Amino acid sequence: MSNKSANWFKQAGRAGNPLRRQRLRVGVTGLSGAGKTTFITSLINQLENHQKGLLAQRAPFDRLVSVRWRRDEVKQPFPYLDSLAALSAEPATWPQSTADLSRVLLDLRFKPQGLLGKVQGTRDVSIEILDYPGEWLLDLPLLNLNFGQWCEQMTQWLAQSPRAELAVSLRERLQSLDPQAEADEAELADLAGAWSAFLQRCRSDAGLSRNQPARFLQPGSDVAAQMLHFVPLLRANQHSEGNAKSWWGVCEARFNYYRDFIVRGFYDEHFRHLDQQVLLVDMLTPMDAGQAALSDLKGAMEAVLESFHYGQNGFLARLLRFRPRIRRLALCATKVDKVGPLQQRAVQQCLEDLMVDRLADVRHGGVEIKGIPLSAIRATRQEGDALVAGLQGKTGWVRYQPGDIPAHLPQSLQVNSPQLLALRPPPGLHRNEPFPHYRMDDLVAWLLKGARL
Ligand SMILES: Nc1nc2c(ncn2[C@@H]2O[C@H](COP(=O)(O)OP(=O)(O)OP(=O)(O)O)[C@@H](O)[C@H]2O)c(=O)[nH]1
Ligand SMILES: [Mg+2]
């Protein structure tokens, strides 16, 4: 990732009066399919239409004078218009899964409050957000591993169900490689392709979250294809060695490049300045896929959260210009419009149960955590006990009774999930009207609490 793009925050801050402008750097964190792009699209839409929807009725938005979504000065701007085009198509479709980084910059201007406020003039706040393919987050734990350790971890994972069955003959092929023997580039390229196909099966057939290296599934625009030609060597461990031409030498060099430039570059850009984080989690899909998917989600989220810096900045840390730490965290179960109103709280509770240990650590570090079950764009409407919605790719409507969600997640992670349907967005969405949602207003108000208005 280039320095040019890493500097976008700085460039963005120059417009307007930088002395009076506060910047909220919001980390929207979520695995692939968690709902980040839909959330960001809805966030821009709700703010652009702050005078009409639920926002208009609550503080501090009653003092919000104007909102501007900036795209010209921003490198790789968030494709807001593309998302809107998909959502307002006939029949409506969801925004595409994200293939590369993009950036959001929103300027908000608030009217002053009280007498003192009038003297001080208006208050300007910028909200800065990155959107990226959620898969990339799964690479963050690689920052703490060397190639040998990664090989050991993959050997362990491949020995267990369901990865063992999904790896099929690939595991045997990898086991037959002698790390010290001379590498064959053509075979390595073929094996890397087979590893990508295996990761794809893990994701789509078993609903697994931890699919590494993530760029094998979603390369992005900044990686040369050949740099992704490496695989774990199942006969290697952290004490292995080999010359530069051996399987070990070639794979280790590419792994190191991947870790030190690609993963580190993404980490630096995404996490450099965060001061608050919105953690989006789709709980319903893994609840539907079953126990293995839930425990993989738990492992993935815990590993991802390890990479963030939480808690207060001490005086010494500020003095020495250490990286700012996240002080506020919103934990959101997404897409809760798929279940009935009474179950929405239960989905959020199940998420908090799943993450209980890690949340306790984060809270202990002095971070304020707020749980908000969320639907960025509500696709269902309620009719009595039933929900009515349209199915993806179809016209017409279905009426259905979502099943029950347990009040708490069982220790065994064994749940009977509710009926989950692939819903399409609601009809009639337009840029100049606030999208129907569930608790986006609470979330936006929470975000703004991080600013001095
Ligand atoms: N019913 C409903 N479905 C949603 C909502 N938000 C997202 N979805 C569904 O979840 C899918 C994934 O949402 P995205 O916003 O693309 O997720 P993402 O986190 O950006 O995923 P990546 O780009 O792959 O990292 C969408 O295609 C929708 O099917 C919501 O508020 N309600
Ligand atoms: Mg996305």
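Because the structure is a prediction, the values reported are computed rather than measured. (Residues numbered from 1 in each chain as written. Chains lettered and ligands numbered in written order. Predicted model: local features only at pLDDT ≥ 70, side-chain atom pairs only at ≥ 80, totals over all residues. Heavy atoms only, no water.)

A separate point is the overall build of the chain. Along the chain, the regular secondary structure elements total 16 helices and 10 strands. Here the analysis covers contacts within the chain between residues at least 6 apart in sequence; of these, 78% occur between residues at least 24 apart. Of the roughly 20200 Å² of accessible surface on the chain, a fraction of 48% belongs to carbon and sulfur atoms. Both charge centroids of the chain, one from 55 positive and one from 47 negative side chains, sit 10 Å from each other. (Helix = DSSP H or I, 4+ residues; strand = E, 2+ residues; numbered from the N terminus. Contact = heavy atoms within 4.5 Å. Areas by Shrake-Rupley, 256 points an atom, 1.4 Å probe, with all protein chains shown as cover. Lys, Arg positive; Asp, Glu negative; His and termini not counted. Charge placed at Lys NZ, Arg CZ, Asp CG, Glu CD.)

This next bit is on the nonpolar core. Trp-195, Phe-198, Val-231, Leu-233 and Met-283 are the most contacted members of the largest nonpolar core, which has 86 residues in total. Looking at this core element by element, the count peaks at 11 residues for helix H10 (residues 247-271). Counting contributing residues per domain, this core is built from domain 1 (3-136 + 271-448) and domain 2 (137-267), each supplying no fewer than three. What Val-231 contacts, discounting residues up to four positions off in sequence, is Phe-147, Trp-150, Leu-174, Leu-188, Leu-191, Ala-192, Trp-195 and Cys-251. Counting 42 residues, the second-largest nonpolar core is a separate cluster that includes Leu-47, Trp-69, Ala-445 and Leu-447. (Core = buried A, V, L, I, M, F, W, Y, C linked by side-chain atoms within 4.5 Å. Buried < 20%, exposed > 50% of the residue type's maximum accessible area, 1.4 Å probe, protein only. Domains from an automatic or database assignment.)

All right, on to the packing of aromatic side chains then. The geometry of an aromatic ring pair is captured by the separation of the ring centres together with the interplanar angle, meaning the angle of the planes. Applying the stated criterion to the full structure yields 14 aromatic pairs. Relative to Phe-230, the ring of Phe-216 has its centre 5.4 Å away and its plane inclined at 75°; by these criteria the two rings are edge-to-face. Of this pair, Phe-216 sits in the loop between helix H9 (185-206) and H10 while Phe-230 sits in the loop between H9 and H10, and the two are 14 residues apart along the sequence. Here Phe-216 and Phe-230 have matching classes, each one buried. (Phe/Tyr/Trp six-rings, centres within 6.5 Å; stacked < 30°, edge-to-face > 60°.)

Following the criterion strictly, the structure yields 25 salt bridges and no others. A salt bridge links Arg-58 to Asp-441, with the shortest nitrogen-to-oxygen separation between them at 3.1 Å. A residue pair is termed long-range when its members are at least 10 positions apart, and Arg-58 in the loop between helix H3 (36-48) and strand E2 (64-70) and Asp-441 in helix H16 (residues 440-448) qualify at 383 residues. Arg-58 sits in the partly exposed class, given a relative accessible area of 25%. With relative accessibility at 11%, the residue Asp-441 sits in the buried group. (Salt bridge = Lys/Arg side-chain N within 4 Å of Asp/Glu carboxyl O.)

Here we come to the sheet that holds strand E10 (residues 398-400). If you walk across this open sheet you meet the 3 strands as E8-E9-E10, and the pairing is antiparallel. Edge positions in the open sheet fall to strand E8 (381-383) and E10, since each of these has one partner strand only. Here the strands of the sheet are splayed against their neighbours by 35° on average, with no regard to which way each runs. Alignment of E8 against strand E9 (residues 386-389), held across 3 bridges, turns out to be antiparallel. Pairing of Gln-382 across the sheet is with Leu-387, part of E9. (Pairing = 2+ DSSP bridges. Axes fitted to C-alpha atoms, helices over the stretch in contact; angles between N-to-C directions.)

It is worth spelling out the side chain of Arg-254 at this point. Residue position: Arg-254 is located in helix H10. Only 2.8 Å separates the side chain of Arg-254 from the side chain of Glu-185, close enough to count as a polar contact. In contact with Arg-254, not counting residues within four places along its chain, are Glu-185, Leu-188, Gln-226, Met-227, His-229 and Phe-230. (Polar contact = N/O pair within 3.5 Å; in protein donor to acceptor, adjacent residues only side chain to side chain.)

When pLDDT is averaged across the chain, the result is 89; 92% of the residues are at 70 or more. Within the chain, the lowest mean pLDDT, 46, falls on helix H1 (residues 3-6), and the highest, 98, falls on H3. The low-confidence segment residues 1-6, where pLDDT is below 50, has 12 contacts with residues more than four positions distant or belonging to other chains. Below pLDDT 50 for its whole length, residues 8-16 participates in 22 contacts with residues either more than four positions away or in separate chains. (pLDDT = per-residue confidence, 0-100.)

Quick look at the coordination of the magnesium ion (ligand 2) now. Coordination sphere of the magnesium ion (ligand 2), protein contribution only: Thr-37 (OG1) and Thr-98 (OG1), at 2.0 Å. Placement of the pair is Thr-37 in helix H3 and Thr-98 in the loop between helix H4 (80-87) and strand E3 (102-110), with a sequence separation of 61 residues. Residues Thr-37 and Thr-98 agree in their burial class; the two are buried. (Donors = N, O, S within 2.8 Å, 3.2 Å for Na, K, Ca; no water.)

What helix H15 (residues 356-364) keeps buried is the set Arg-358, Leu-359 and Val-362. Buried residues of H15 fall within an arc of 100° about the axis and therefore sit on the same side. Along H15, the residues that are exposed and aim more than 90 degrees away from the buried face are Asp-357 and His-364. On its buried face, H15 is in contact with helix H12 (291-306), strand E6 (328-333), helix H14 (341-354) and strand E7 (368-371). A positive phi of about 95° marks Gly-366, the residue just after H15. (Arc of directions from axis to C-beta.)

Where the residue is not glycine, phi is negative for most of them; where a peptide bond is considered, it is trans in most cases. Cis geometry is adopted by the peptide bond preceding Pro-60, which originates at Ala-59 and carries an omega value of 0°. Assignment of secondary structure puts Pro-60 in the loop between H3 and E2. The omega angle of the peptide bond from Ser-161 to Pro-162 is 0°, so this bond is cis rather than trans. The topology assignment puts Pro-162 in the loop between helix H6 (147-159) and helix H7 (163-167). The phi torsion at Val-168 lies on the positive side, around 45°, for a residue other than glycine. With respect to the secondary-structure elements, Val-168 resides in the loop between H7 and helix H8 (169-175).

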